[in-house]
Amino acid sequence: MVNLLQDFSRIGRKLTEQNLIYSNFGNISQRKDKKILITATGAMLDELTENDLIEVPLYDTSEADCKASCELLVHREIYKKTDAAAIIHAHSPFAIILSLISKRNKIESVLIEKEKIIGTIPIIEGESGSTELAKNAAEVLSNHKTCIIKNHGTIAIGNNIEETYINITALEHISKILYYQMLYEKADRSKK
């Protein structure tokens, strides 16, 4: 558990430093055979302690569920429907902005990060921790590495926590560039 705590803490600090999570918003999990190790509800990801990592069963509920992140249901469903070994849920500001202004249910880009790393980026809906969000996230993540939850945040999956971190940061990088591109195009149109 010590190595996993170090990995979760390192990634949690990076997510905080890059403004992809704020305060205690966001969570990290990793599949361990038929169990999930997930951050606790309300955990500060940049200050994790051993008490902030909760082990719960993948296929059943347990008494520990009440201590786990409120997004546990979403993580469980994603693990059940995908081969993901790790999940990060962040509150990436530029991705959230794109979800608010996009009239489509996906983000397309020609950026190399999109093509080489994460592909098309679906935009899904669902209330935090809801069955609807769990279903929608698991469905799109069975064919994609990331998604944006409209008005809420982002989810990335990967074969390990490092790959998942790369996916979540690539998503925000793409979102930031696309946002600024949209601003430039809008300003350019207003000059004409």
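Above this text you will find the structure in question.
Numbers given for residues are sequential positions, taken from 1 along each chain in its written order. Local features in this predicted model are restricted to residues of pLDDT 70 or higher, and side-chain atom pairs are both shown and tallied only at a pLDDT of 80 or more, whereas totals for entire chains, interfaces and linings draw on every residue. With hydrogens and water excluded, all non-hydrogen atoms of the structure serve as input to the side-chain values.

## Topic: the sheet that holds strand 5 (residues 106–107)
Phase 1: Strand pairing is defined by DSSP finding a minimum of two bridges between the two strands. Note on conventions: DSSP H or I runs of at least 4 residues are helices, E runs of at least 2 residues are strands, and numbering of each starts at the N terminus. Spatially, 3-2-1-4-8-7-6-5 is the arrangement adopted by the 8 strands of the open sheet, whose pairing is mixed. The open sheet terminates on both sides in strands that have one partner only, identified here as strand 3 (53–57) and strand 5.
Phase 2: Direction of pairing for strand 1 (residues 27–32) relative to strand 2 (residues 35–39): antiparallel, over a ladder of 4 bridges. Bridge assignment links lysine 32 to a residue of strand 2, and that residue is lysine 35.
Phase 3: Between two residues, a contact is recorded if the distance between any of their heavy atoms is within 4.5 Å. Axes, fitted as lines to C-alpha atoms, cover a helix only where it is in contact. Angles between the N-to-C directions of the axes lie from 0 to 180 degrees. Seen against the sheet, helix 3 (residues 93–101) touches strand 5, strand 6 (121–124), strand 7 (146–149) and strand 8 (153–158) and runs at an angle of roughly 65° to strand 7.
Phase 4: Packing against the sheet, helix 5 (residues 131–141) makes contact with strand 6, strand 7 and strand 8, and its axis sits at approximately 165° to strand 6.

## Observations regarding the environment of threonine 154
Phase 1: Within the secondary structure layout, threonine 154 lies in strand 8.
Phase 2: Throughout, exposure labels follow a simple rule: accessible area from a 1.4 Å probe, protein chains only, divided by the maximum for the residue type, with under 20% read as buried, over 50% as exposed, and the rest as partly exposed. Judged by relative accessible area, threonine 154 falls into the buried class, the value being 0%.
Phase 3: The spacing of threonine 154 and isoleucine 96 is 58 residues in sequence and 7.7 Å in space, taken between C-alpha atoms.
Phase 4: Not counting residues up to four positions away in its chain, the partners in contact with threonine 154 are Ile88, His89, Ala90, Ser92, Ala95, Cys147, Ile148, Ile168 and Leu171.

## Details of the pairing of strand 7
Phase 1: Side chains Thr146 and Ile148 of strand 7 all project onto a buried face; the interleaved residues Cys147 and Ile149 project onto the opposite face, where all are buried too.
Phase 2: Where strand 6 lies against strand 7, 2 bridges are found, and the strand directions are parallel. When the bridges of strand 7 are listed, isoleucine 123 appears paired with isoleucine 148.
Phase 3: Traced from strand 6 through helix 5 to strand 7, the parallel crossover comes out right-handed.
Phase 4: In terms of strand pairing, strand 7 meets strand 8 through 4 bridges, oriented antiparallel. Its bridge partner lying in strand 8, isoleucine 149 is registered against glycine 153.
Phase 5: Where strand 7 folds back onto strand 8 in an antiparallel hairpin, the turn is made up of 3 residues, including asparagine 151, whose phi is positive at roughly 65°. By definition, the crossover connecting two strands over a helix is right-handed if that path, from the first strand to the second, turns clockwise as seen with the strands pointing away from the viewer.

## A look at the pattern of salt bridges
Phase 1: Think of a salt bridge as a Lys or Arg side-chain nitrogen and an Asp or Glu carboxyl oxygen that are within 4 Å of each other. One pass over the full model with this rule turns up 7 salt bridges.
Phase 2: One salt bridge connects lysine 32 with glutamate 55, and the closest N-O pair in it is separated by 2.9 Å. Of this pair, lysine 32 sits in strand 1 while glutamate 55 sits in strand 3, and the two are 23 residues apart along the sequence.
Phase 3: For glutamate 55, a relative accessible area of 32% puts it in the partly exposed group.

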